[in-house]
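Observations on the model geometry
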Amino acid sequence: MPWEVPGLAVAVDGMLSWQCPLRWCWILIWWWHAHPGSPYVFGLAEVDHDVEFPDPMPVVGISHSAKGYCLISVLETMKTYSAEEGLTEEAVVTKLRICRYHHLYLHTSLRNNSSGTSRWGEFGEGGLLWGECSGKSFEWFDGSPIEELLCKVREIYGLDEKTFFRNVTVSLEGRPQPLYLGTATQIGVIPTEGIPSLLKMVLPSNCGGLPSMYIRDLLLNPPSFDVAAAVQEACRLMGSITCSIPEFTCISAAKLVKLLESKEVNHIEFCRIKNVLDEIMLMSRNAELSAILHKLLVPASVATGLKVEADMLINECSFISQRIAEVISLGVESDQAITSFECIPKEFFNDMESSWKGRVKRIHAEKEFSNVDRAAEALSAAVIEDFVPIISRVKSVMSSNGGPKGEICYAKEHEAVWFKGKRLIPTVWANTAGEQQIKQLKPAIDTKGRKVGEEWFTTVKVENALSRYHEACDNAKNKVLEMLRGLSSELQEKINILVFCSTMLIIAKALFGHVSEARRRGWMLPTISPVSKDCVLEESSSEMELLGLFPYWLDLNQGNAILNDVHMHSLFVLTGPNGGGKSSMLRSVCAAALLGICGLMVPSTSAVIPHFDSIMLHMKAYDSPADGKSSFQIEMSEIRALVSRATARSLVLIDEICRGTETAKGTCIAGSIIERLDTVGCLGIVSTHLHGIFDLPLSLSSTEFKAMGIEVIDGCINPTWRLIDGICRESLAFQTARREGMPDLIIRRAEELYLTMTANNKQTTSMVHNEPSNVSPSVNSLIEKPDSLRNIIETLPRAFEPLQREVETTVTTICKKKLLDLYNKGSISELFDVVCVAVGVREQPPPSTVGRSSIYVIIRSDNKLYVGQSDDLVGRLHAHRSKEGMQDATILYIVVPGKSVACQLETLLINQLPLKGFKLINKADGKHRNFGISRISQEAIAAH
């Protein structure tokens, strides 16, 4: 049966159910329509190139009710809609910011804001959303939001009034709130100028596209605790495996559905689909990878809305892969070579046959292929009989001063093989060899019956043979396209399992890439602590422990990161000097918490992170002249949203609170906000330079005072960028201004004014306070104390397998002997277990090799070896395989204890492998010649 359009409870053998259908995320599946969101794919099945597919673009409507904002998304081609209720204004704006849509509709309920003026965006709630929508094209609508928007969609696309749209809304129960726009931009989940991109730190630079989109969606829409735990366990397993891993072929689900539905999947895409299926089966056959595969079922189920059991998944993959292999030519068959005859230009046969040969197995079109072979032979015979004698005659009478010339040529524009003669007059060659053939020549004509030129000739026999050959090629091509489209139609019944497999590999590639990059940066997996379901608002959330925390944009292994221990049991009020690291601390805590609740690795040496119901970060605000709002207005609007949404299970981070208004009243507002957050019992940090807060009679039960430390060196106050207990009233304002180039004249006058302002208050002239009202003379008192396109599972030739085993045995023996010798001499502290791991075609080393020294041997297809060593095995092998002839090479590697040992083993193998009868392509060990002296003579080197 053809694939049904979801919301779609389509079952595969009764095992597959639609769990949580299409939603506002990257996995939305797009159907056919002639608009920018749907590419033109007609004829793609017969070509050798790919086509880019844009993201799906729904019709969007926004309304407002007592529950909050509601975002309605309608996919006309899928006949589905989703209505996400209870969203915050910030969440709606974030979704609008990252998604493309065809039409935007705003419900009249948005006009009823908190000011009661019905002038939306002028005061209070709605201003942020108005700022996002006011510069875009939109229309107002009223009535029942869902029904009216569906009516609009029917009207736009000319659908019947009775056209039914299925509700595929995804429940947000048990999941944290989607990331706010301010939070997403201030930690770089959404690219923002001047902000370090968290997304770029989470993945290696070569892991873009669909894996990057998955990680972005995961961070913007944090998963439930169960999903986060599954993601984390998958990452944990990925970091510990020792076997090689697949390359993970990634295919967009939208592209997959589109091509299958339109029956335009070409042989290239079928090979890629088979790669996806074979990689799933490869993982299932390996004990280490199989455990990961089972964990990936959970996030893949959430991403696709399909629930698939592991056994059924493997069975379906095996069946579909086998079916594709039965039809599609995988490039290993020898019975589909392009026709070649000596007397006819090779380019002719290549152009005529390359568009259909090598697509499907010959057995399915044997009759058509045989007809082409016979027609090609007949064409060759006709050319030999009618043209070759003339060529011979022309060559016999050629003179150096230019006589008649002739040759058999391919007229590419006319797809024909003709005789091309220069200054050839057939009628004057009477009674000579080739006379009969010359008399048979006639001017060549094109498909419209027009004479091609004065030099082009043909014969009736050649033209008839040429016509039969073209007809045979057309029949063969049509048969091949029929087979391709038939297979597309057949696989439409398996579309759900294909979408699930494709999504699972995208997730696998994203997480493997993340683990590799995170290990390289010195990140660790945290412990995620679930929050009790019966936790009420008055109760405090779980503690958060971030030990050895460092900014996510710094690399721990480069030694330029300062580590901080954050023991967060309640709200922190954070003080510190300008440039002391307050903002960096907030971003670091926010990023670590977000990564943790998503199941990912975090920039710290150890961490325990509660599964927060929301993570909200507010940084410095700026004014918006277009909206007529000052920076303080925008700040109050954003902080209002944070405070109103905060619960005992939230993480709230506010940087430099109330900085945009008069100090006294701003201090009081800030104090009141801190009191409110203390009452809520959330975890968080509020940083400030408003030191008057500590003189207010605040009613706080658990809030702690923290500071970014400073130290005095040679009479100068410098920040330490370390989190400590206490209150820091030193801002380093004068030093900061001077460092940024402010004229000394201004700085000196400022210092005079400061002394004048504080002269009458002894308490404030001292920079040292143990408590807000006490003075301490100590030095430290500045602080107050409070995509190959071929089959991945192509097996190596049988003759190659013994060589691999022989190399593996020899290399293992040499390394074991050398390591034992080093151990006996005391050069290494413990005897290292030698494990030789093979990395096959279209495989790569596991993340556990990151940052560890390895020696490796590359076995090329010509049976020659290359020996090397590296601390970045993944990167080094990627560089090797990018060279011509190395794509199909197999690699053997052994992890060894340290760079020095790796260099010694590299030299030893280069010296000894040729003595064992192996051929090497590298004869020296690069920069490591001091570790050994080659015993191979120059003659021996030349022989190899």
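The numbering scheme is per chain: residues are counted from 1 as the chain's sequence reads. In keeping with the model being predicted, local features are shown solely for residues with a pLDDT of at least 70 and side-chain atom pairs are shown and tallied solely at 80 or more, while totals for entire chains, interfaces and linings include all residues. Heavy atoms throughout the structure, all of them, feed into the side-chain values; hydrogens and water do not.

Right, let's get into the sheet that holds strand 26 (residues 837-839). Here the rule is simple: two strands pair whenever DSSP picks up at least two bridges between them. Working definition: helices are DSSP H or I runs of at least four residues, strands are E runs of at least two. Numbering for both runs from the N terminus. On the basis of which strands lie adjacent, the open sheet formed by 4 strands has the order 26-30-28-29 and antiparallel pairing. Lying at the two open borders of the sheet, with one neighbouring strand each, are strand 26 and strand 29 (865-870). Strand-to-strand twist across the sheet, computed as the mean angle between neighbouring axes with direction ignored, equals 25°. Examined bridge by bridge, strand 28 (residues 854-859) and strand 30 (residues 890-895) share 6 bridges and lie antiparallel to one another. Within the sheet, the bridge partner assigned to Tyr-856 lies in strand 30 and is Tyr-893. Whether two residues are in contact is decided by their heavy atoms, any of which lying within 4.5 Å being enough. Think of each axis as a best-fit line through the C-alpha atoms, taken over the contacting stretch in the case of a helix, with angles from 0 to 180 degrees between the N-to-C directions. Along the sheet, helix 25 (residues 873-881) makes contact with strand 26, strand 28, strand 29 and strand 30, crossing strand 28 at roughly 20°. In the packing of helix 26 (residues 899-912) onto the sheet, contacts are made with strand 28 and strand 29, and the angle to strand 29 comes to roughly 170°.

All right, on to the sheet that holds strand 7 (residues 166-167) then. Overall, mixed pairing links the 6 strands, which are arranged 6-5-2-3-4-7 in an open sheet. The sheet is open, and its two borders are formed by strand 6 (139-141) and strand 7, each paired with just one other strand. Pairing of strand 2 (residues 59-65) with strand 3 (residues 68-75) involves 7 bridges; the strand directions are antiparallel. Bridging across to strand 3, Gly-61 finds its partner in Ile-72. Packing of helix 1 (residues 89-98) onto the sheet brings it into contact with strand 2, strand 3, strand 4 (80-87) and strand 5 (103-107), and relative to strand 4 it is tilted by some 145°.

What follows deals with the UniProt feature "domain: DNA mismatch repair proteins mutS family" (unreviewed entry) in the protein chain. UniProt positions are given in the numbering used here, feature names are shortened, and annotations may be inferred rather than shown by experiment. As recorded in UniProt, the sites labelled "domain: DNA mismatch repair proteins mutS family" (unreviewed entry) are residues 650-666. With 24% helix and 29% strand, the stretch residues 650-666 has end C-alpha atoms that lie 24 Å from each other.

Along any regular strand, the residues point their side chains to alternate faces of the sheet. Each residue is placed in one exposure class: buried if its accessible area under a 1.4 Å probe, protein chains only, is under 20% of its type's maximum, exposed if it is over 50%, and partly exposed if it falls in between. Strand 4 sits mainly inside the fold: 6 of its 8 residues count as buried. Note: strand 3 against strand 4, 6 bridges, orientation antiparallel. Residue pairing across strands places Leu-75 opposite Thr-80, the latter belonging to strand 4. In this structure, strand 4 lies alongside strand 7, joined through 2 bridges in parallel fashion. Paired with Tyr-81 across the bridge in strand 7 is Asn-167.

Attention shifts here to the environment of Glu-711. Topologically, Glu-711 is positioned in strand 22 (residues 704-713). Classification of Glu-711 by relative accessible area gives partly exposed; the value is 35%. Here Glu-711 is in contact with Cys-716, Ile-717, Asn-718 and Thr-720, once residues within four sequence places are set aside.

Peptide bonds are mostly trans, and most non-glycine residues show a negative phi. One non-glycine residue, Phe-248, lies in positive phi territory at about 65°. When you line up the elements, Phe-248 lands in the loop between strand 8 (245-246) and helix 8 (253-261). Positive phi, close to 70°, is recorded for Asn-863, a residue that is not glycine. The residue Asn-863 is located in the loop between strand 28 and strand 29 in this model.

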